[in-house]
Amino acid sequence: MKKLFAALAATVLSLSAAFAQSLPAPTIAARSWLLLDATSNQIVAAQEPDMRIEPASLVKIMTAYLAFAAIAEKRLDLEQKVNVSVRAWKVDASSSKMFIDPATPVSIKDLLYGLIVQSGNDASVALAEAVAGTEDAFVVLMNREAERMGLKSTRFANAHGLPSPDNYSTARDLSVLASRMINDFPDLYKIYASKSFTYNKITQPNRNRLLWLDPTVDGMKTGHTQAAGYCLISTARRPNGGSDRRLVSVVLGTASDSVRAQESQKLLNWGFLNFDTVKLYAKGQAVETPQVWKGSQNQVKLGFNHDVYVTVPKGTASKMKPVLERKDPLVAPIAQNTRVGTLKMVADGKVVTELPVLALEQVNEASIFGRAWDSMRLWVK
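Within each chain, residue numbers correspond to sequence positions counted from 1 in written order. Thresholds applied to this predicted model are a pLDDT of at least 70 for local features of residues and 80 or more for the giving and counting of side-chain atom pairs; totals over whole chains, interfaces and linings are not thresholded and use all residues. Neither water nor hydrogens contribute to the side-chain values; these are computed over all heavy atoms in the structure.

J.: Even after reading the chapter, I still don't get the environment of Ser 179, so can you show me in this structure?
T.: Topologically, Ser 179 is positioned in helix H7 (residues 171–184). Exposure is judged per residue with a 1.4 Å probe applied to protein chains only, and the accessible area is read against the type maximum: over 50% gives exposed, under 20% gives buried, and values in between give partly exposed. The class of Ser 179 is buried, set by a relative accessible area of 8%. As a C-alpha pair, Ser 179 and Arg 246 span 67 residues in sequence and 9.6 Å in three-dimensional space. Put simply, DSSP marks the helices as runs of H or I at least four residues long and the strands as runs of E at least two long, and each gets a number from the N terminus on.

J.: I'm lost on the pattern of salt bridges in this one. Help?
T.: Side chains that differ in charge, positive against negative, can pair when their charged atoms come close. The term salt bridge refers to a pairing of a side-chain nitrogen on Lys or Arg with a carboxyl oxygen on Asp or Glu at a separation within 4 Å. Overall, the coordinates contain 21 salt bridges when judged by the stated rule. Put simply, Asp 257 and Arg 209 hold a salt bridge, and the shortest N to O gap is 3.0 Å. Of this pair, Asp 257 sits in helix H9 (residues 257–274) while Arg 209 is found in the loop between strand E6 (202–205) and helix H8 (210–213), placing the two residues 48 residues apart along the sequence. Arg 209 gets classed as partly exposed once you look at its relative accessible area, which sits at 39%. Linked through salt bridges whose partners overlap, the residues forming this network are Arg 87, Glu 135 and Asp 136.

J.: Looking at this model, I keep getting lost on the sheet that holds strand E15 (residues 350–359). Mind explaining?
T.: Adjacent strands of a sheet pair through backbone hydrogen bonds, lying either parallel or antiparallel. Within the open sheet, the 4 strands sit side by side as E11-E15-E14-E13. Their pairing is antiparallel. The open sheet is flanked by strand E11 (302–303) and strand E13 (321–326), the only strands paired with a single partner. Pairing of E11 with E15 involves 2 bridges; the strand directions are antiparallel. Counted as the bridge partner of Leu 302 is Ala 359 from E15. In this analysis, strands are considered paired if DSSP registers two or more bridges between them.

J.: Explain the environment of Ala 347 here, please?
T.: When you line up the elements, Ala 347 lands in strand E14 (residues 339–347). For Ala 347 and Ile 182, which are 165 residues apart along the polypeptide, the C-alpha to C-alpha distance reads 31 Å.

J.: Would you mind showing me how to read the packing of aromatic side chains here?
T.: The relation between two aromatic rings is expressed through the spacing of the ring centres and the mutual angle of the planes. A pair of aromatic rings is counted whenever rings of Phe, Tyr or Trp (Trp by its six-membered ring) have centres within 6.5 Å, and the orientation is called stacked for planes under 30 degrees apart, edge-to-face for over 60 and tilted otherwise. Under the defined criterion, the tally for this structure stands at 6 aromatic pairs. Ring geometry for Tyr 65 and Phe 185: centres 5.0 Å apart, planes at 75 degrees, overall edge-to-face. Of this pair, Tyr 65 sits in helix H2 (residues 60–72) while Phe 185 sits in the loop between H7 and strand E5 (196–199); the two residues are 120 residues apart in sequence, bridging distant segments of the chain. Note on Tyr 65: relative accessible area 4%, which makes it buried. For the ring pair Tyr 189 and Tyr 192, a centre distance of 5.4 Å and an interplane angle of 25 degrees mean the geometry is stacked. Of the two residues examined, Tyr 189 and Tyr 192, each falls in the buried class. Two conditions define a charge sitting above a ring: the NZ of Lys or the CZ of Arg must be within 6 Å of the ring centre, and it must be within 35 degrees of the ring normal. Here Arg 52 stacks its cationic end above the ring of Tyr 168, 3.7 Å away from the centre of that ring.

Okay, structure coming up:
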C-alpha cells in the first residue's frame, strides 16, 4: 500500500507540477529553492531542487521528528527529566545553544523547545542521547528514517547540522521531511510557531522572522553556516474555499537572514495568489461502477483510498475533465485496493495529472456455473 501511494504521489508531482509551471515563477535570490503544496503533495515550482547542499540546522527537523516519534511511542515523555552529558554541554561553544548544564537535569519538553525555537546544538545532542543512548546511534536512526521516507539524496552525520562532509540534502528531500513532520505529528509540530523560549533565565527569539511578519506562518526552521548560506524552511496555512491550504517553502543558500525571510515570503505569497488547490475526489468515493465478469457480484466500485487534491493555476480548475482508462475486462477475483485503471485529468489538451484507480471493494469468484456462463459470454462478446 505504501508503494502504491508513493507511486501516486510521484505521478501527481511530475505531471501537475509541469502543468502548474506554465505560469512563470518568481525570481528568488537563492542557490536552490522549492515550493510545495502540502495539501496536494505537489511541487508548484522549483529551481535546482536536486542540488546537493549543506543543510546546516535544517538537520534538526529530523532530530525533532525522531524525538516526536519516541514520545508518540511512549519511549519518552515530555515531562521526563534527563541528565546532560559532557558531550552535549561541550558542543561547539561558538554555535547556537540553549545553555543546558551537566549539573541540572532537563525535561524533554524544554529540550524540544531549545532545539526548535533556540536552535540549540546542545539540545540536539541531549535529545539524541535520550532517544538512542548516544549521538552516533541516533545518527543511524536518522539515516534509516531518511531511507524510509525516500530521501534519496540526504545523509546525516550528526544531530545538529554543524559542518560535516557527510551532512547533505536537497530542497526536494527537505520539502518531503517538512511535510512529514507536519502531517505525522500535528500537535507537537505547534512548537515551531513559538516566537521565543526562556531557559536558564536566558530568553532567545525564534530566528524565523516570518513568525512576526505573517500571521499565517506557523513554522518551520532556519539554518546557517558559512558554506550553507542562510536557509529557511517556512510554511503557511491560509483559507482555500471551505477548508485550509498549506504551502511549504524551502529556500537555501541566500546572502543574509533578512534575504531568506524576504524571499521565502515572496515565494509563499506567489503560490497562494496564483494557484488553487482543488479536491477532485473524496476517499472511498466511487468514480465509476463498471461490470465485473466471473464474480460473486456484477459490478465493482472504483475510486481512491484517500482524498485526492491537485494544484492548478487560478481559473483553470473548471476546465479539467476526467478520462478513465480501465483494464477491461475486469475479471474476478479482484482484491480490494487492486489497481484497475488510470484516471487522467485533462485541461486545454494537457494532462494535468494521472491517478491510479483502485477497486474499493473485494469481488470474489462466482460459482463454477457462474464462471462458465460468463466465459461463454466473454467468448461471444
